[in-house]
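Understanding the architecture of this molecule
Each chain, letter by letter, is given below.
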Amino acid sequence: MKIAVPTRDWQTVAGHAGQARHWFVWDLAALAPGADLPAPRRVELAKDEVLHHFHDDRPHPLDGVELVIAASAGDGFVRHMKTRGADVVLTGEPDPHAALRRLAAGEALPDQRFDITTSLCKLRDLFSRH
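Here's what I pulled together on the structure shown here. (Residues numbered from 1 in each chain as written. Predicted model: local features only at pLDDT ≥ 70, side-chain atom pairs only at ≥ 80, totals over all residues. Heavy atoms only, no water.)

1. Quick notes on the sheet that holds strand β2 (residues 22-27)
As a general point, the strands of a sheet are linked pairwise by backbone hydrogen bonds and lie either parallel or antiparallel. Spatially, five strands are ordered β3-β2-β1-β4-β5 in an open sheet, and the strand pairing comes out mixed. Unpaired on one side and paired on the other, β3 (41-44) and β5 (87-90) mark the two borders of the sheet. Each strand axis lies, on average, 25° off the axis of its neighbour in the sheet, ignoring direction. By the bridge criterion, two bridges tie strand β1 (residues 2-7) to strand β4 (residues 67-70) in an arrangement that is parallel. Pairing of A4 across the sheet is with V68, part of β4. Across the sheet, helix α1 (residues 75-83) lies against β2, β4 and β5, angled at about 145° from β5, the strand it touches most. Contacts from helix α2 (residues 96-104) reach β1, β2 and β4, with the element oriented near 30° to β2. (Pairing = 2+ DSSP bridges. Helix = DSSP H or I, 4+ residues; strand = E, 2+ residues; numbered from the N terminus. Axes fitted to C-alpha atoms, helices over the stretch in contact; angles between N-to-C directions. Contact = heavy atoms within 4.5 Å.)

Quick look at the structure:
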């Protein structure tokens, strides 16, 4: 399973996932039970690859991701990722590595924190193409 986490500074989980350019991607397909998590691959999207603007008309660097963990995301982003085969989980956990460790251990992630941009995204998503 491939899991992607948007990050704004390679240290914290980013909000507004649809606008994120920096992503950690973990490939857990070969992870043995009890083994340490592998190091993530860093993916930096070009401006035309940012998912909010991407038209799905060509391959994308996040192709194959099955789960996205983000601090916030609009309904349009969630729908867009669903059509790409990925579920979206929102969390208040600021550390991407801690979020993945908790998820891999079967622990619940902390609830998403209030983010005004999420409300703005929901308004914009009313008119979104996704």
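2. Brief notes about the packing of aromatic side chains
According to the stated counting rule, one finds two aromatic pairs in the structure shown. With a centroid separation of 5.3 Å and 65° between ring planes, the pair formed by W10 and F24 is classed as edge-to-face. Taken together, the residues span a long stretch of sequence, with W10 in the loop between β1 and β2 and F24 in strand β2 at a distance of 14 residues. Taking the centre distance of 5.6 Å and the plane angle of 50° together, the rings of F24 and W26 count as tilted. (Phe/Tyr/Trp six-rings, centres within 6.5 Å; stacked < 30°, edge-to-face > 60°.)

3. Some thoughts on α1
Listing the buried residues of α1 in full gives G76, F77, H80 and M81. Buried residues in α1, looked at end-on, bunch into an arc of 130°, giving them a common side. Opposite the buried face of α1, by more than 90 degrees, sit the exposed residues K82 and T83. One or two residues past the end of α1 sits G85, with phi positive at roughly 90°. (Buried < 20%, exposed > 50% of the residue type's maximum accessible area, 1.4 Å probe, protein only. Arc of directions from axis to C-beta.)

4. Some details on the nonpolar core
Counting 17 residues, the largest nonpolar core has W23, L62, V65, V68, F77 and M81 as the members making the most contacts within it. Those elements giving two or more residues to this core turn out to be β2, β4 and α1. In contact with L62, not counting residues within four places along its chain, are A4, W23, V25, V43, L45 and L51. V13, F24, L28 and L67 belong to the second-largest nonpolar core, a separate cluster that totals 12 residues. (Core = buried A, V, L, I, M, F, W, Y, C linked by side-chain atoms within 4.5 Å.)

5. Some words on the environment of H80
As for its position among the elements, H80 is in helix α1. Given the relative accessible area of 2%, H80 is considered buried. Residues H80 and D56, spaced 24 residues apart in sequence, show a C-alpha to C-alpha distance of 9.6 Å.

6. Let's talk about the environment of H60
Summarising the element assignment, H60 is placed in the loop between β3 and β4. Distance in space between the C-alpha atoms of H60 and L45 is 9.0 Å, their sequence separation being 15 residues. At 3.0 Å, the side chain of H60 and the backbone nitrogen of L62 are in polar contact. (Polar contact = N/O pair within 3.5 Å; in protein donor to acceptor, adjacent residues only side chain to side chain.)

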